[in-house]
Amino acid sequence: QQQVKQSPQSLIVQKGGISIINCAYENTAFDYFPWYQQFPGKGPALLIAIRPDVSEKKEGRFTISFNKSAKQFSLHIMDSQPGDSATYFCAAAGGSNYQLIWGAGTKLIIKP
Amino acid sequence: DAGVIQSPRHEVTEMGQEVTLRCKPISGHNSLFWYRQTMMRGLELLIYFNNNVPIDDSGMPEDRFSAKMPNASFSTLKIQPSEPRDSAVYFCASSSMGYTQYFGPGTRLTVL
């Protein structure tokens, strides 16, 4: 129930294309869903996050789509650039416990 | 504005030796997390402190691992004795009354 399942494990997208990474969760008590971006040799950093009261949140080229009934959320990267090449982690959390439950990560490569 | 500080950045040691990893969280943050990252197991939460008190240490692999937070500005993760399977990148992260976690640059540990 505490798991967050992330797919795909790796993804190759052409420059200018749309990158899509998906996550699914089971625990309906989760009410915070962030995406973190990690470059090689660095720690993960918060990219964008969503609460379940909205179905979509957009920040620049990055969009989270959230489907509460399906218990799924996804990250869309529009006009993907080589600088977006990184590992992306989804996560979920809920309640007064501030722990994040992490997905397994997706290694994204944007080909020039 | 200083972020999370970890030391050392790299550590190479021999099996059986004691290893101590150090973390200085962001000033004012009251939660601290220790993570381990490997290719095989992804990002694993080892232990979580809130207001210097360990809240959840269920992720600590075994008794060889111990963590302390003697004050709000310092934490250590100790492995004694170290084993080759402990080789990984260890991250410290901190947060302030919320879900957003700020990660340090990590310590890459190699146990020969």
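All residue numbers refer to positions counted from 1 along the written sequence of the respective chain. Each chain takes a letter, starting from A, and each ligand takes a number, starting from 1, following the order in which they are written. Only residues with pLDDT of at least 70 are given local features in this predicted model, and only at 80 or more are side-chain atom pairs given and counted; all residues enter the totals for whole chains, interfaces and linings. Where side-chain values are given, they derive from all heavy atoms of the structure, hydrogens and water being excluded.

1. Focus: the overall build of chain A
Operational definition: Here a helix means four or more residues in a row that DSSP labels H or I, a strand means two or more in a row labelled E, and each is numbered from the N terminus. Computation of the radius of gyration draws on C-alpha atoms alone. For the globule rule, the value is 2.2 Å times the number of residues to the power 0.38. Throughout this description, buried means an accessible area under 20% of the type-specific maximum (1.4 Å probe, protein chains only), exposed means over 50%, and partly exposed covers the range between.
Each helix and strand in chain A was counted, giving 0 helices and 11 strands. Going residue by residue from the N terminus, the α and β elements of chain A occur as β-β-β-β-β-β-β-β-β-β-β. Its C-alpha atoms give chain A a radius of gyration of 13 Å, within 12% of the compact-globule value 13 Å for 112 residues. With respect to the three principal axes, the spread of C-alpha positions in chain A is 40 × 30 × 20 Å. Residues classed as buried in chain A amount to 46% of the 112 residues present.

2. Quick word on the interface of chain A and chain B
Quick note on the threshold: Contacts are residue-level and defined by heavy atoms, with any inter-residue pair within 4.5 Å sufficient. Computed with a 1.4 Å rolling probe, the buried area is the accessible surface lost when two parts are put together, summed over both parts. Each salt bridge in this description consists of a side-chain nitrogen of Lys or Arg and a carboxyl oxygen of Asp or Glu lying within 4 Å of one another. Two N or O atoms count as a polar contact when they lie within 3.5 Å, although within protein this holds only if one can serve as hydrogen donor and the other as acceptor, and sequence-adjacent residues are included solely when both atoms are side-chain atoms. Residues are grouped as follows: Ala, Val, Leu, Ile, Met, Phe, Trp, Tyr, Cys and Pro are nonpolar; Asp, Glu, Lys and Arg are charged; all remaining types, including Gly, are polar.
The interface is formed by 19 residues belonging to chain A together with 17 residues belonging to chain B. Together, A:Tyr98, A:Gln99 and A:Trp102 form the three largest contributors to the area buried by chain A at its contact with chain B, with a combined 42%. On inspection of chain A and its partner chain B, the count reaches 0 salt bridges. Viewed at the interface, chain B and chain A are joined by 4 residue pairs in polar contact (both at pLDDT 80 or more). Elements with a contribution of two residues or more to the side of chain A that touches chain B: β4 (33-38), β9 (86-94) and β10 (97-102) of chain A. By residue number, the principal contributor to the side of chain A that touches chain B is β10(A), which donates 5 residues. Residue composition of the side of chain A that touches chain B, grouped by class: 9 nonpolar, 7 polar and 3 charged.

3. Points about the packing of aromatic side chains
Put simply, the rule is: Stacked, tilted and edge-to-face are the three classes applied to pairs of Phe, Tyr and Trp rings, where Trp contributes its six-membered ring and a pair requires centres within 6.5 Å; stacked means planes under 30 degrees apart, edge-to-face means over 60, and tilted covers the rest.
One pass over the structure, following the stated rule, counts 17 aromatic pairs over all chains. When the ring of A:Phe33 is compared with that of A:Phe73, the centres are 5.0 Å apart and the planes differ by 55°; the resulting orientation is tilted. Of this pair, A:Phe33 sits in strand β4 while A:Phe73 sits in strand β8 (residues 72-77), and the two are 40 residues apart along the sequence. Owing to a relative accessible area of 0%, A:Phe33 belongs among the buried residues under this scheme. Chaining the aromatic ring pairs together yields one cluster made of A:Tyr36, A:Phe89, A:Trp102, B:Phe33, B:Tyr35, B:Tyr48, B:Phe91 and B:Phe103.

4. Points about the nonpolar core
What counts is decided by this rule: Nine residue types can take part in a nonpolar core, namely buried Ala, Val, Leu, Ile, Met, Phe, Trp, Tyr and Cys, and a core is a set of them joined through side-chain atoms within 4.5 Å.
Of all hydrophobic cores here, the largest spans 25 residues; its most connected members are A:Val4, A:Phe33, A:Trp35, A:Phe73, A:Leu75 and A:Tyr88. Among the secondary structure elements, those contributing two or more residues to this core are β2 (10-14), β3 (19-25), β4, β5 (45-50), β7 (62-67), β8, β9 and β11 (106-111) of chain A. Here this core takes 4 residues from β9(A), the largest share from any one element. Of all hydrophobic cores here, the second largest spans 21 residues; its members include B:Leu21, B:Leu32, B:Ile47 and B:Phe65.

5. With respect to the pairing of β8(A)
Residues and elements named next belong to chain A. Going by this rule: Any two strands are treated as partners once DSSP identifies two or more bridges connecting them.
Most of β8 is tucked away: 5 of the 6 residues are buried. One ladder, built from 6 bridges, connects β3 with β8; its direction is antiparallel. Bridge assignment links Ile20 to a residue of β8, and that residue is His76. Note: β7 against β8, 6 bridges, orientation antiparallel. What sits directly across from Ser65, in β8, is Ser74. In sequence, β7 turns back onto β8 through a hairpin of 4 residues, with Lys71 there showing a positive phi of about 55°.

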